[in-house]
Amino acid sequence: MDAVSIRHVIKAYRRGREQVEVLHKLDLSVPEGEFLALMGPSGSGKTTILNLIGGLDRADSGEVVVAGEHLEKLSGGQLAKWRARHIGFVFQFYNLMPMLSAAANVELPLLLTNLSKAERRRHVDVALGVVGLTERAQHKPGELSGGQQQRVGIARAIVTDPSILLCDEPTGDLDRQSADDILHLLQQLNRQQKKTIIMVTHDQKAADYASRTLHVDKGALAEKELA
Ligand SMILES: Nc1ncnc2c1ncn2[C@@H]1O[C@H](COP(=O)(O)OP(=O)(O)OP(=O)(O)O)[C@@H](O)[C@H]1O
Ligand SMILES: [Mg+2]
């Protein structure tokens with residue numbers, strides 16, 4: 001089964017009077033359980049692809065099937081519910097709430113579910129345990145290192161137990177050692193918890209952790225080796 005199946009997707013953005021086509025009949029299949037790296041120059045459409053897969057944005061035409069659902073057929077409300085169940089996002093700059101503790105940040109996606117407070121707490125404890133931050137649960141983001149903040153970001157992404165993780169430059173703001181720790185963690189989530197992971201990166205060393213690398217160039221994909 002494919003976790004993601006994108007067929008003939010066209011996506012354009014309007015800039016003033018100008019229409020800029022970002023994805024030109026894009027095809028992409030990601031089997032369940034794959035750890036895929038997406039590389040490519042700035043502006044080539046990598047974030048656009050992640051946003052389409054995560055249902056944060058819609059294709060102009062073509063088909064986007066993710067976790068068994070045809071996203072083009074879902075209403076806005078259905079899409080939000082679907083996303084909360086199936087997708088975890090990890091961002092370059094963590095996107096944590098500075099006033100909230102690590103535990104409260106991780107709990108945020110659960111506030112959209114009907115879990116009880118005790119159940120939410122149990123899920124948060126598990127997620128913080130997976131990323132090795134149990135001891136830091138009550139720290140605020142500003143009291144954590146970049147690598148630790150990204151661990152909180154990953155805990156928040158997995159706390160709802162989604163099948164797919166979408167990571168946009170998850171190590172782009174980290175030093176080599178912290179980056180390697182985060183990549184190792186993602187690899188573990190892929191191998192042990194069978195998460196399908198799609199990771200955008202500029203870093204060949206990061207891509208080496210993935211099981212396959214695709215290069216995005218001007219809105220098209222190629223499975224080429226870098227020279
Ligand atoms: N909301 C938007 N409105 C207009 N143009 C957009 C919008 N989002 C993206 N674009 C344009 O679409 C193209 C692809 O953008 P995208 O963010 O997907 O690139 P990227 O590969 O993620 O780049 P980077 O590596 O810099 O993050 C760019 O030309 C960008 O300017
Ligand atoms: Mg981007």
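Above this text you will find the structure in question.
My aim in this report is to walk through the structure given alongside it, one point at a time.

Calculation notes
- Residues numbered from 1 in each chain as written.
- Chains lettered and ligands numbered in written order.
- Predicted model: local features only at pLDDT ≥ 70, side-chain atom pairs only at ≥ 80, totals over all residues.
- Helix = DSSP H or I, 4+ residues; strand = E, 2+ residues; numbered from the N terminus.
- Rg over C-alpha atoms; globule rule 2.2 N^0.38 Å.
- Buried ≥ 20, exposed ≤ 12 C-beta atoms within 10 Å, placed from the backbone.
- Contact = placed C-beta atoms within 7 Å.
- Pairing = 2+ DSSP bridges.
- Axes fitted to C-alpha atoms, helices over the stretch in contact; angles between N-to-C directions.
- Core = buried A, V, L, I, M, F, W, Y, C linked by C-beta atoms within 7 Å.
- Near = placed C-beta within 6 Å.
- Parallel < 35°, antiparallel > 145°, perpendicular 65-115°, else oblique.
- Left-handed = near helix turned anticlockwise from the far one by under 90°.

The secondary structure content of the chain amounts to seven helices and ten strands. Scaling as 2.2 N^0.38, a compact globule of 227 residues should have a C-alpha radius of gyration of about 17 Å, and the chain matches this with 17 Å. For the chain, the spread of C-alpha atoms along the principal axes amounts to about 50 × 45 × 40 Å. Counting over 227 residues, the chain shows a buried share of 42%. The long-range fraction of contacts in the chain, counting pairs at least 24 apart against all pairs at least 6 apart in sequence, stands at 71%.

Let us now look at the sheet that holds strand β8 (residues 196–200). Here six strands make up an open sheet; going across it, the order is β6-β7-β8-β3-β9-β10 and the pairing mixed. Looking at which strands have only one partner, the edges of the open sheet turn out to be β6 (87–90) and β10 (220–222). The sheet shows a mean angle of 20° between the axes of neighbouring strands, taken without regard to direction. Judged from the five bridges that link them, strand β7 (residues 164–168) and β8 form a sheet pairing that is parallel. Each bridged residue has a counterpart across the sheet, and for Asp 168 the counterpart in β8 is Val 200. Here helix α5 (residues 146–158) sits on the sheet in contact with β6 and β7, set at roughly 170° to β6.

This next bit is on the nonpolar core. Core analysis: the biggest nonpolar cluster contains 63 residues, and Leu 38 and Ala 155 have the highest contact counts within it. Here this core gets six residues from one element, more than from any other, and that element is helix α6 (residues 176–192). Setting aside residues no more than four positions away along its own chain, Ala 155 makes contact with Val 106, Ala 127, Leu 128, Val 130, Val 131 and Leu 133.

On to the pairing of β6, then. The alternating pattern of β6 places Ile 87 and Phe 89 on one face and Gly 88 and Val 90 on the opposite face, and all of these are buried. For β6 and β7, the ladder comprises four bridges, and the chain directions are parallel. Bridge pairing in β7 places Gly 88 opposite Leu 165.

What follows deals with the sheet that holds strand β1 (residues 2–15). Taken in spatial order, the four strands of this open sheet run β2-β1-β4-β5, and their pairing is antiparallel. This sheet does not close on itself; its edge strands, each paired only once, are β2 (18–31) and β5 (69–70). The sheet contact formed by strand β4 (residues 61–66) and β5 spans two bridges and is antiparallel. Looking across to β5, one finds that Val 65 is bridged to His 70.

Right, let's talk about unusual backbone geometry for a bit. Even without being glycine, Tyr 94 reaches a positive phi, approximately 70°. Among the secondary structure elements, Tyr 94 is positioned in the loop between β6 and α3 (102–107). Here Tyr 94 falls in the buried class, since 20 other C-beta atoms lie within 10 Å of it. Backbone geometry places Glu 169, a non-glycine residue, at a positive phi of 50°. Along the chain, the position of Glu 169 falls in the loop between β7 and α6. When the 19 C-beta atoms within 10 Å are taken as the criterion, Glu 169 is described as partly exposed.

Take the site of ligand 1 next. Inspection of the region around ligand 1 gives Tyr 13, Arg 15, Val 20, Val 22, Gly 40, Ser 42, Gly 43, Ser 44, Gly 45, Lys 46, Thr 47 and Thr 48 as its neighbouring residues. Breaking the shell around ligand 1 down by element, the ones donating at least two residues are β1, β2 and α1 (46–53). At three residues, α1 tops the list of elements feeding residues into the shell around ligand 1.

On to the packing of α5 against α6, then. Viewed as axis vectors pointing N to C, α5 and α6 meet at an angle of 20°, and their least axial separation amounts to 9 Å. By the angle class used here, α5 and α6 are roughly parallel. Read as a crossing pair, α5 and α6 show a hand that is right-handed. Contacts between α5 and α6 involve Gly 146, Gly 147, Gln 150, Ile 154 and Ile 158 from the former and Ser 178, Asp 181, Ile 182, Leu 185 and Leu 189 from the latter.

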